[in-house]
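Structural overview
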Amino acid sequence: MILPMLAPAMLTGFALAFARAVSEYGSVIFIAGNLPYVSEIAPVLIVIKLEEYNYPGATAIAVVMLALAFCILLAINLLQAWSRRRFGHA
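Before going into details, it helps to say that this report is about the structure given with it.

Topic: the overall build of the protein
When its secondary structure is counted, the protein shows four helices and zero strands. Seen in sequence order, the protein has helices and strands lined up from the N terminus as α-α-α-α. Out of the 90 residues belonging to the protein, those deemed buried represent 19%. Across the protein, contacts joining residues at least 24 apart in sequence account for 46% of those joining residues at least 6 apart. In the structure as shown, the protein presents an accessible area of about 6700 Å², 73% of it carried by carbon and sulfur atoms.

Right under this line is the structure:
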């Protein structure tokens, strides 16, 4: 009985954490590996592109990360609006 009431809050928390992880840049570079196709992550790819003076490539990766984080935050807002309508919370 309590789980259906907690589901929107749990989904919102998960989505916020995921959006933060996607958009995190600086601290992730220090702990990430750099094995191609294994532990290579977007922030590391951005740094590699910047070191190669490939600014359009770095910008493209950053824009994709930004768009993904924005879509997740939009989904959170839609989930909260749906939750308010369904459960009647203010």
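Now, onward.
Quick notes on helix α4 (residues 55–87)
The end-to-end C-alpha distance of α4 is 47 Å, a good match for the 48 Å that 33 residues give at a rise of 1.5 Å each. Turning to α4, its buried residues are Gly57, Ala58, Ile61, Met65, Ala69, Ile72, Ile76, Leu79 and Ser83. One side-chain oxygen of the residue at the start of α4 lies 3.1 Å from the amide nitrogen of glycine 57, identifying that residue as asparagine 54. Just downstream of α4, glycine 88 is the residue with a positive phi angle, here 75°.

A closer look at a nonpolar patch on the surface
A contiguous nonpolar patch, built from Ile2, Leu3, Leu6 and Met10 and spanning about 420 Å² of accessible area, is present on the exposed surface. Mapped onto the secondary structure, isoleucine 2 falls in helix α1 (residues 2–23).

Focus on unusual backbone geometry
Backbone geometry places tyrosine 53, a non-glycine residue, at a positive phi of 60°. Mapped onto the elements, tyrosine 53 comes out in the loop between α3 (42–51) and α4. The exposure class of tyrosine 53 is exposed, given its relative accessible area of 64%.

A look at α3
Regarding α3, the residues found buried are Pro43, Val44 and Ile46. Take α3 and look down its axis: the buried residues cluster within an arc of 155°, on one side only.

Comments concerning the side chain of threonine 12
Within the secondary structure, threonine 12 sits in helix α1. When sequence neighbours within four positions are dropped, the list of residues in contact with threonine 12 reads Ile76, Leu79 and Gln80.

Points about the packing of α3 against α4
Interhelical geometry of α3 versus α4 gives an angle of 160° and a closest axis separation of 7 Å. By the criterion of interaxial angle, the relationship of α3 to α4 is roughly antiparallel. Considering the relative orientation of α3 and α4, their crossing is left-handed. Residues Ala42, Pro43, Leu45, Ile46, Lys49 and Leu50 of α3 form the contact with α4, whose participating residues are Tyr55, Gly57, Ala58, Ile61, Ala62 and Met65. Of the residues contributing to the contact of α3 with α4, the split by class is 10 nonpolar, one polar and one charged.

Cut-offs and rules
- Residues numbered from 1 in each chain as written.
- Predicted model: local features only at pLDDT ≥ 70, side-chain atom pairs only at ≥ 80, totals over all residues.
- Heavy atoms only, no water.
- Helix = DSSP H or I, 4+ residues; strand = E, 2+ residues; numbered from the N terminus.
- Buried < 20%, exposed > 50% of the residue type's maximum accessible area, 1.4 Å probe, protein only.
- Contact = heavy atoms within 4.5 Å.
- Areas by Shrake-Rupley, 256 points an atom, 1.4 Å probe, with all protein chains shown as cover.
- Expected span 1.5 Å × (residues − 1).
- Polar contact = N/O pair within 3.5 Å; in protein donor to acceptor, adjacent residues only side chain to side chain.
- Patch = residues over 30% accessible without salt bridge, like charges linked within 9 Å, V, L, I, M, F, W, Y side chains within 5 Å.
- Salt bridge = Lys/Arg side-chain N within 4 Å of Asp/Glu carboxyl O.
- Arc of directions from axis to C-beta.
- Axes fitted to C-alpha atoms, helices over the stretch in contact; angles between N-to-C directions.
- Parallel < 35°, antiparallel > 145°, perpendicular 65-115°, else oblique.
- Left-handed = near helix turned anticlockwise from the far one by under 90°.
- Nonpolar A, V, L, I, M, F, W, Y, C, P; charged D, E, K, R; others polar.

In short, geometric facts, not functional conclusions.
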